[in-house]
Each structure stands twice: as structure tokens, then as C-alpha cells.
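# Observations on the three-dimensional arrangement
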Amino acid sequence: MPPRPRQKRDELSTRAGVVSRLRTLKKSGLFGRPSPLKNLEDAFEEERDVDRFIGDKMFWQHFEDIDVRRIYRTSSCEYRNLKLMFFESTFYIILLAVLTSFVFELLDRQVYETRREQLQYWGGCDISSNNEMQSCRINTVVDIQSYWEWMIGDFVPLAFTHDSKDANIARIQTAYPDNEFGITFSPRYVGASEMTVLLGSIRVRQQRVGMGRGCKVSSQFRHIFSQCYAGFDSSSKSMDGFALRWTPSYIKSAFVHAPETDTKGVPLAGSVAEYHGDGFYFDVPQNRTEAEMMLQDLWTWQWVDRATRAIVIEYSTLNVNVNIITNNRILFESDPSGGFRADHQAQVVRALLLSASPAAGVELGMFIYQVVLVLLFLGYNAFVFWLLGKTQHKFFTYGWNWCDIAILILFYATLWTRIQAYVKASSEEALSPAVIGHPEEFMPLAGICQTLALSNQLLSFLVLIAWVKVLKYLSLIGFFRLLIRVLERCAAELMVFAALLLVLFFAFAVPFFVALGVTDGDFVTLPGSFLVLFFMLVQGMTMKDEWFEPGRSATVPLLALAYMLLVYFVILNIFMAIVLDAYTIVYILHQPDKSERDSKDNPQVSKKNSMIVFIYTYYHHLKGISLVKEFEEELGLPDEQSIEVKYLPGLVVKKWLEKKKSMQRVVEQTLGELPHTAKSHWNKSGADKKMGTWAKAQASLKQAMALPSMTDFTPKPPSDGVNEDMQTLEGIENSKEAVSRFQLQRILDEDKTLRLLLGTSRAIDVIRRFKKSSAVDGVDEVSRLQESVFRKLDRLEKQGLDIDVEEVPEVTEISARLSDSLNEVQNQWRQELTAVLEMASQLSEGLIELTQGLEKVGQNHNAMLDQLGPTDSYTGSGSQSGSSQG
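Quick summary incoming for the structure in this document. Remember, predicted model here, so these are calculated numbers, not experimental data.

## Some points on the overall build of the protein chain
Along the backbone of the protein chain there are 32 helices and 15 strands. Going through the 886 residues of the protein chain one by one, you find that 36% of them count as buried. Restricting to contacts in the protein chain with at least 6 residues of sequence separation, those with at least 24 account for 68%. Here the protein chain displays about 53000 Å² of accessible surface, and carbon together with sulfur accounts for 59% of that area.

## Some thoughts on the packing of helix H9 (residues 144-159) against helix H12 (residues 288-300)
Between H9 and H12, whose axes approach to 10 Å, the crossing angle comes to 175 degrees. Between H9 and H12, the crossing angle belongs to the class labelled roughly antiparallel. Contacts between H9 and H12 pair Gln-145, Trp-148, Glu-149, Met-151, Ile-152, Val-156 and Pro-157 from the former with Arg-288, Glu-292, Leu-295, Gln-296, Leu-298 and Trp-299 from the latter.

## Things to note about the side chain of Arg-205
Assignment of secondary structure puts Arg-205 in strand S6 (residues 196-209). No salt bridge is formed by the buried Arg-205. Its closest oppositely charged neighbour is Glu-314, at 4.6 Å. A distance of 3.3 Å separates the side chain of Arg-205 from the backbone oxygen of Val-266, its partner in a polar contact. At 2.9 Å, the side chain of Arg-205 and the backbone oxygen of His-276 are in polar contact. Residues within four places of Arg-205 in sequence aside, it is in contact with Thr-263, Gly-265, Val-266, His-276, Gly-277, Asp-278, Phe-280, Tyr-281, Trp-303, Ala-310, Ile-311 and Val-312.

## Thoughts on the pattern of salt bridges
Counting across every chain of the model gives 18 salt bridges. For Arg-203, the salt bridge identified is with Asp-283, shortest N-O distance 2.7 Å. In this pair, Arg-203 is assigned in strand S6 and Asp-283 in strand S10 (residues 280-284), connecting sequence segments 80 residues apart. With relative accessibility at 8%, the residue Arg-203 sits in the buried group. A residue is classified by how much of its surface remains accessible, and Asp-283, at 25% relative accessible area, is partly exposed.

## A short note on the state of the cysteines
Per the counting criterion, the structure on display carries 2 disulfides. The side chain of Cys-125 participates in a disulfide bridge whose partner is Cys-136; the two sulfur atoms lie 1.9 Å from each other. Around the S-S axis, the bridge from Cys-125 to Cys-136 shows a dihedral of about 110 degrees and counts as right-handed. Taken together, the positions of Cys-125 in the loop between helix H8 (109-123) and strand S1 (126-127) and Cys-136 in the loop between strand S2 (133-134) and H9 put the pair 11 residues apart, joining distant regions of the chain. There is a disulfide in this structure between Cys-215 and Cys-228, and the S-S distance comes to 2.1 Å. Classification of the bridge connecting Cys-215 and Cys-228 rests on its S-S torsion, roughly 100 degrees, and on that basis the disulfide is right-handed. Taken together, the positions of Cys-215 in the loop between S6 and strand S7 (237-238) and Cys-228 in the loop between S6 and S7 put the pair 13 residues apart, joining distant regions of the chain. Among the cysteines of the protein chain that take part in disulfides, numbered as they appear in the sequence, the pairing is 1-2, 3-4.

## Considering the packing of aromatic side chains
Tallying each qualifying case throughout the model produces 39 aromatic pairs. Judged by centre distance (6.4 Å) and plane angle (55 degrees), the rings of Phe-102 and Tyr-369 are tilted. One end of the pair, Phe-102, is in helix H7 (residues 77-106); the other, Tyr-369, is in helix H13 (residues 362-391), with 267 residues separating them in the sequence. Exposure remark for Phe-102: the relative accessible area of 5% places this residue in the buried category. The structure contains a cluster of three or more aromatic residues connected by ring pairs, namely Tyr-121, Trp-122, Tyr-147, Trp-148, Trp-150, Phe-155, Trp-299, Tyr-315, Phe-332 and Phe-340. Directly above the ring of Phe-160 sits Arg-188, whose terminal nitrogen or CZ lies 4.2 Å from the centroid.

## Here's the deal with the environment of Leu-537
By the secondary structure assignment, Leu-537 is in helix H18 (residues 526-539). For the pair formed by Leu-537 and Tyr-568, sequence separation is 31 residues and the distance between their alpha carbons is 8.0 Å. Among residues more than four places away in sequence, those in contact with Leu-537 are Phe-505, Tyr-563, Val-567, Tyr-568 and Leu-572.

The rules we used
- Residues numbered from 1 in each chain as written.
- Predicted model: local features only at pLDDT ≥ 70, side-chain atom pairs only at ≥ 80, totals over all residues.
- Heavy atoms only, no water.
- Helix = DSSP H or I, 4+ residues; strand = E, 2+ residues; numbered from the N terminus.
- Buried < 20%, exposed > 50% of the residue type's maximum accessible area, 1.4 Å probe, protein only.
- Contact = heavy atoms within 4.5 Å.
- Areas by Shrake-Rupley, 256 points an atom, 1.4 Å probe, with all protein chains shown as cover.
- Axes fitted to C-alpha atoms, helices over the stretch in contact; angles between N-to-C directions.
- Parallel < 35°, antiparallel > 145°, perpendicular 65-115°, else oblique.
- Lys, Arg positive; Asp, Glu negative; His and termini not counted.
- Salt bridge = Lys/Arg side-chain N within 4 Å of Asp/Glu carboxyl O.
- Polar contact = N/O pair within 3.5 Å; in protein donor to acceptor, adjacent residues only side chain to side chain.
- Disulfide = S-S within 2.5 Å.
- Phe/Tyr/Trp six-rings, centres within 6.5 Å; stacked < 30°, edge-to-face > 60°.
- Lys NZ or Arg CZ within 6 Å of the ring centre and 35° of its normal.

Encoded structure:
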């Protein structure tokens with residue numbers, strides 16, 4: 001093969017060659033679709049019907065294709081859409097600023113510090129030099145004995161660092177029904193710093209399973225050990241009392257099952273199972289000696305045994321310096337395999353979130369933030385629903401509109417969870433101002449903390465999507481527009497790619513779970529194995545030494561090798577190819593090359609930013625200054641802005657009808673409406689009302705799925721009447737449909753023949769000429785002339801008439817004669833041209849009549865043949881039979 005063709009092929013295979021080739025296809029019209037804004041320029045001129053385009057997504061999708069010259073006219077479709085886009089962007093920026101400020105006000109660094117201090121204090125952890133927790137005492141609990149040792153030796157001393165009598169924090173008077181006097185209680189500090197107050201009592205509860213429920217000892221070992229206790233779930237859960245005969249009476253209630261209404265607990269998820277809010281419970285006494293004695297008796301009388309699957313220690317504390325409440329739940333799990341593990345879950349909330357009271361200080365600021373946010377989102381919701389009603393089914397075809405829906409759903413979900421937290425806090429008697437903090441009352445704050453934690457999680461997703469939607473408005477800035485268009489173009493392909501990636505990762509998660517589920521903690525469960533593979537994609541795959549030890553199976557290394565080859569060498573390259581392809585196409589479609597930038601005929605290349613032009617125009621519009629510079633002679637009077645179609649020549653009417661049909665087709669394709677044939681079929685079926693979104697979708701689906709019938713393949717017979725164009729022209733003579741000056745001017749600009757025949761290139765001249773000829777009498781013309789004269793005199797008076805010029809009679813006479821001669825010549829030429837047009841119209845009508853006559857002759861001829869055909873065949877058959885007999 002010669003080297004030159006190879007070199008040419010190599011050049012075409014490079015990125016520069018591909019870009020050059022695609023640019024050539026773009027110029028020839030074979031690559032890319034034209035912008036709908038350019039196709040609908042004629043429809044935008046029809047200002048009476050421009051409301052149908054307000055709020056359409058194409059102005060966001062093709063912002064760079066907006067004709068800047070139209071923005072200066074405040075009644076144009078471009079100006080009105082840019083106005084809507086400007087106010088939408090401004091409103092959204094204000095909403096996002098308030099939302100972000102609310103988030104900063106809601107969360108505080110002290111929340112994190114308070115939670116960390118509680119974990120370190122109750123866990124008995126040491127702090128290293130780099131301020132990290134290590135060697136926690138709570139992790140020494142590995143069985144039942146170590147649990148009781150930790151409770152008596154570690155937890156009780158931490159819970160009783162101060163005596164409530166010496167604390168003197170608050171005096172809570174408690175009255176009893178049968179006594180004339182009450183008892184005064186006071187909360188106590190926990191910790192040496194005297195900054196944290198214990199709110200209420202400490203409650204300990206457990207969940208148990210029944211013997212033989214959910215498990216069965218194998219028949220091979222039943223003679224050795226006949227009892228078994230399964231893991232915790234609803235089927236194996238036990239609610240039977242288990243107190244021994246001689247159990248002390250003051251702790252017997254701890255051996256009796258209590259429902260959630262008594263325990264006031266909420267479900268808690270552990271590493272082994274999820275545990276319900278009911279169970280067997282007791283409250284730790286307020287005296288240290290009594291607490292130690294009670295825990296010792298519970299240990300002695302086997303409150304925790306083989307049937308115990310979870311022990312939950314729940315209590316709440318308040319940091320008085322920062323007003324932060326911490327709900328502590330220490331979970332000890334005992335799994336069926338014999339493991340015993342501890343987990344300290346601390347949920348931290350600010351005290352001001354428990355009520356919506358507009359008190360002074362930070363509470364008032366938080367209340368104002370929430371009220372303002374609700375009002376802003378109600379306005380946002382109204383705009384989205386207005387846009388949905390305006391664009392109907394097209395609303396769901398624009399990706400950013402789905403962001404609006406997600407933002408509203410997340411906001412209302414966040415608002416609902418916060419209202420639930422307020423309702424729970426206000427309806428709980430133990431949290432009332434007169435009772436909260438009572439040492440003898442348990443503070444059920446876990447449910448409220450969980451609700452507020454869920455609210456914060458929803459808020460995090462809300463803020464994420466809200467900030468992602470900022471990219472939509474950044475597309476108004478040319479510096480960001482190209483990259484945002486790339487993201488919009490490849491978003492759909494990346495969603496498909498993500499679905500493929502999920503299937504692929506699940507395909508690898510199953511074999512990794514099977515191969516490593518016994519030896520590696522990361523792959524113990526199938527969901528865990530699935531998630532680990534995702535993080536391995538980012539962090540890289542770690543090869544462990546035990547995989548390659550002698551005698552080991554090669555299954556795991558082969559799985560890891562297949563994972564690396566497929567994910568790192570194939571899938572990631574596909575991802576990069578999708579993004580690169582989107583960037584190349586967007587760059588070619590939206591970035592002009594050097595020849596286009598140097599071209600002066602393309603106003604869209606070197607134009608200003610459309611939004612900046614709108615702001616400039618809107619500012620002058622507010623000041624009452626119009627930026628549209630048109631002379632009054634070109635602008636015309638108010639009644640000269642349109643003319644009825646019946647007054648125009650037939651050739652102009654025909655051009656206008658063709659333009660109207662073409663424009664209607666473009667509008668239907670752009671707005672997703674039904675084609676003309678489907679509309680006529682719908683109207684014939686009796687549906688006179690306006691079609692809704694669902695009706696349009698159904699009609700389009702039926703039309704797309706309909707199979708062709710025999711009538712579709714049968715040629716239509718020739719029409720026995722006038723053609724469609726003649727019917728349209730005859731109907732226009734009796735109609736009052738009008739053509740605007742802008743539409744007529746565009747027709748003249750596009751057709752040079754019309755300009756020659758009409759003798760002018762200005763639409764205002766055509767309107768004036770044919771409106772004069774259509775006047776019934778001279779009264780309208782005289783009144784119009786008077787109005788024009790008075791208007792011009794008024795304008796001259798405003799400008800001032802201080803010019804003093806001497807009049808020369810000879811010059812005046814010559815100018816008058818020249819004007820009369822010119823008018824006479826123009827009138828003669830117009831009369832002759834009108835006569836030519838009338839003759840052409842008569843000739844056209846004669847040709848139409850001749851065509852119709854020929855059609856009737858053909859029809860009569862066919863009818864005669866149909867009538868003579870059977871007779872001729874019968875006569876022929878008779879002659880043949882006679883000859884055969886002869």
C-alpha cells in the first residue's frame with residue numbers, strides 16, 4: 001500500500017481530523033440539527049400568539065442562539081422569555097442564599113465537639129497526641145461477666161461523679177397523691193468539668209429470644225446438647241417472664257416484658273439485627289450505693305443470660321454552655337455464634353430545635369429563617385406548577401425540571417420531619433418545662449433525635465441538588481456554557497452507563513461474597529460486598545498476602561484480576577469516551593471556527609451576551625426609554641400595523657399562506673403538538689374541546705402504532721371540485737384575518753419577485769396602498785389623514801418651530817410641478833402594473849376553469865366507457881358463438 005493514503009487515513013483518525021470533518025458536515029447541514037429558535041423566528045413575529053412560547057425550555061437549551069436584535073423590542077418573544085429567565089434566576093439565587101445561610105445557622109462545630117466528648121467520656125477512651133480516641137474501656141466487654149464488671153466498675157462511677165444534693169442545679173418539686181407534702185429533686189452533673197447535666201434517669205433494657213425458636217439442634221448432636229437460641233428477629237423474640245423463684249421483689253419488674261409505651265424506647269439498628277423499642281427494662285437508681293447494689297443483684301439473679309441478644313443503656317445529657325442535648329444509647333449485642341460487642345451511638349441536637357418558639361436570640365433567628373424559607377419555597381412551588389401548566393408534557397422532557405421536582409419533594413419532606421419533631425416534643429409529658437430534667441423521669445429523646453437526624457439527612461440532599469441546579473443558571477455566562485452543555489449532553493448516556501455499572505458490580509459482588517465471605521470481614525454480606533467494590537474503584541484494589549500463600553486456591557486472585565481488567569481497562573475507558581464524545585460534539589456545534597468568527601454576516605458569532613442585553617434594555621424600559629430606533633415614516637400609525645388578508649393581491653396572499661403553513665408545521669414539531677392530520681381527525685370525531693396533555697399523548701401514540709390499511713395504498717381519485725388552494729383563497733375573501741407589518745416585511749425580504757411587482761421593499765408602503773384602495777368612502781381616509789397631520793404637527797411643536805427661512809416662489813412652484821409630475825408617473829405605472837396583475841389573475845382563473853373542464857371531460861369519458869364496456873363484451877361474445885355454430 002502506498003504511504004500517502006496511509007498518511008491521509010492517519011490524519012483523519014486523529015482528533016483534529018475528526019473535528020475538521022465534522023465541521024465540514026456542519027456547514028453542509030449534514031451534521032447537527034438547526035436551532036428551534038432560528039426555525040421559529042417567523043412565529044415569534046406573531047406577537048398576538050407569542051404567549052404559547054413563554055417559559056419554553058428551548059430558550060434555556062439554546063440560549064446562545066437567541067437573536068440579540070429582537071431583545072431591544074420589549075414586546076418580542078425573546079425579551080419576554082429573557083425577562084422570565086432573569087427573574088427566575090434572581091429568585092433562585094435569593095432562595096439558595098437563604099437556604100445556605102439556614103444550614104450554616106443550623107449546624108455548629110460545637111455539636112461535633114459535644115458528641116465527641118460524650119463518646120470519649122462514657123467509652124473511657126484515652127486521647128492520643130494527635131487528638132484521636134484510642135484504647136476505650138467499653139471495648140473490653142466481650143462476654144456477660146465483663147459486661148457486669150464494666151457496668152459496676154466503669155459505668156456507675158462515670159454516672160455518679162457528683163451528688164444531686166450538692167449540685168443545686170434546679171429545684172423540681174414533685175407532689176404525690178396521698179401526701180400533703182412534696183419532694184424536691186435536682187439533676188446532677190456528670191464529669192469533672194461540671195458542664196454536662198444528666199437529664200432524667202438512666203434506663204437499661206434488653207431483648208431476648210425464646211429457647212428453640214428459630215433454631216433446631218441437629219439430630220447428630222441432640223444427645224449432647226438439646227437447647228439452642230437463635231438470632232434475634234420477630235419470630236424468635238421472647239416476651240415471657242424469666243424471674244427465678246427467689247428473685248428479690250424490688251427487681252422482679254425487670255424480668256417482666258413491657259411494651260414500647262412503657263419503655264418509651266425506639267427501634268435501634270445494630271450490626272447483627274434491628275431491635276424493637278419494647279423489652280425488659282429497669283431504671284438505675286439516683287443513689288450510687290443503691291445503683292451498685294441493684295446491678296449486683298441483677299447479675300446474681302441472671303438478668304443477662306444465654307437468651308439475651310441485646311442490652312440497651314439509654315440516657316440523655318445537656319451541655320449547659322452551648323445548649324446541646326446528647327441522647328446516648330450504648331448497645332451490647334450477643335450474636336448466636338457467641339460474639340459480644342459494644343456500640344455507642346450518640347445523637348446530638350441543639351436545644352432550640354425541640355420547639356418552634358420565637359424567643360429572643362438564636363431561637364428568634366432560627367424561627368425567622370424557617371418562616372422565610374417556607375414562604376420562598378411556596379413561591380418556588382407556585383412557579384413550578386405554573387410552568388408545568390404552561391408547558392404540560394414538555395415539562396418532563398427537560399432534565400433541570402426534574403431537579404425542581406426533587407428539590408420540592410425534599411423540602412416538604414424536611415419540613416414534615418421537623419414538624420413531627422415539634423409535635424413529638426410538645427406532646428411528650430416528660431419533656432414539658434415543669435418535668436424535663438427530673439431525675440426520677442426518663443427523657444424519651446431518642447425518637448425526636450432520630451427524626452431530626454432524618455431531617456438533616458434530607459436537608460443534605462436538598463442542599464446538594466439545589467447547588468447542582470446552579471449549573472443551569474451558570475449557562476447564562478459564556479465562560480461556563482460549554483462545559484455545562486457537555487454535562488447536559490452526556491447526562492442521559494451516563495445514566496445508562498451507571499445502570500450497566502451497577503449490573504457489572506453486582507455480578508462481581510456475588511462471587512466475591514461466595515469466595516471471601518468466610519475469611520474477609522469486608523465481604524461478609526452481599527450488600528457489603530457490593531459497596532466495597534465501589535470504594536475499591538476509587539481507592540484501588542488491595543492485594544492481600546494471604547491470597548498468594550502456598551496451598552491457597554487461585555479463585556480469589558483470578559476474580560481480582562478479572563475485576564481489574566474489566567473495570568479499570570474497559571469500563572473507565574468507556575466512561576472517558578462518553579465524556580470526550582459529548583465534549584467534541586458540543587464544541588463543534590456551539591463553538592464557531594475561525595472562518596465563522598471572521599464572518600460579518602453572522603450576527604450570532606460576535607454578539608453580546610443575551611442576558612446582559614436584556615438587563616440593559618429592561619433598565620431603559622423602566623426609565624421609559626425605547627432602544628428601538630425606527631422613523632415614524634417606517635413605523636407607521638397604530639392602525640397601519642396590520643392589514644386584512646382579503647385586501648392584498650392574490651400573489652401576496654399565496655405567499656403568505658405558504659409561509660403560514662410552513663410556520664405552523666415548525667411550531668407543531670417544536671412544541672410537540674399533533675400534526676394537522678391528527679388534529680382534523682380529532683375534530684371530526686367530535687372532540688371540540690381543547691386537547692389535554694394525556695389526550696395528545698394518546699393520539700400521538702395511536703398514530704405512531706397504527707398499521708396501514710388498504711385505503712392508504714389506494715390512489716385517490718381526481719377531485720371533482722376546486723383544489724385546496726382555491727378553497728383557501730375563496731375562504732379568505734370572507735374572513736377578517738390580518739397580516740402584521742412584521743410578517744409582511746419578512747415575506748418581502750425573502751422574496752425579491754414580490755418587491756419588484758409591488759414596487760417597494762417596505763411593508764408599511766404596501767399596507768398604506770392597499771388600505772387606501774379598500775376604503776369604502778373617503779371619510780375613513782380623511783380622518784386618517786387628519787390624524788396623521790395632527791400627529792406630525794404635535795411632534796413639530798414639541799421639537800420647536802424656531803426656524804425662519806425665506807420662501808422663494810420660483811423654487812416652490814418648480815417643486816410643486818415636479819411633485820405633481822412624479823405622482824402622475826407613479827400613479828400611471830401603478831395602474832398599468834395593477835392591470836397586468838389583474839390580467840394575470842384572470843388568466844389564472846381561465847386556466848383553472850380549463851383544468852376543471854378537462855377533468856370533467858375525462859370523468860364523462862370514463863363514464864361512457866363504463867357504460868359501453870359490458871355491451872361491447874356481450875356483443876363480441878354473441879358474434880363468436882354464432883360463428884362457431886356456423
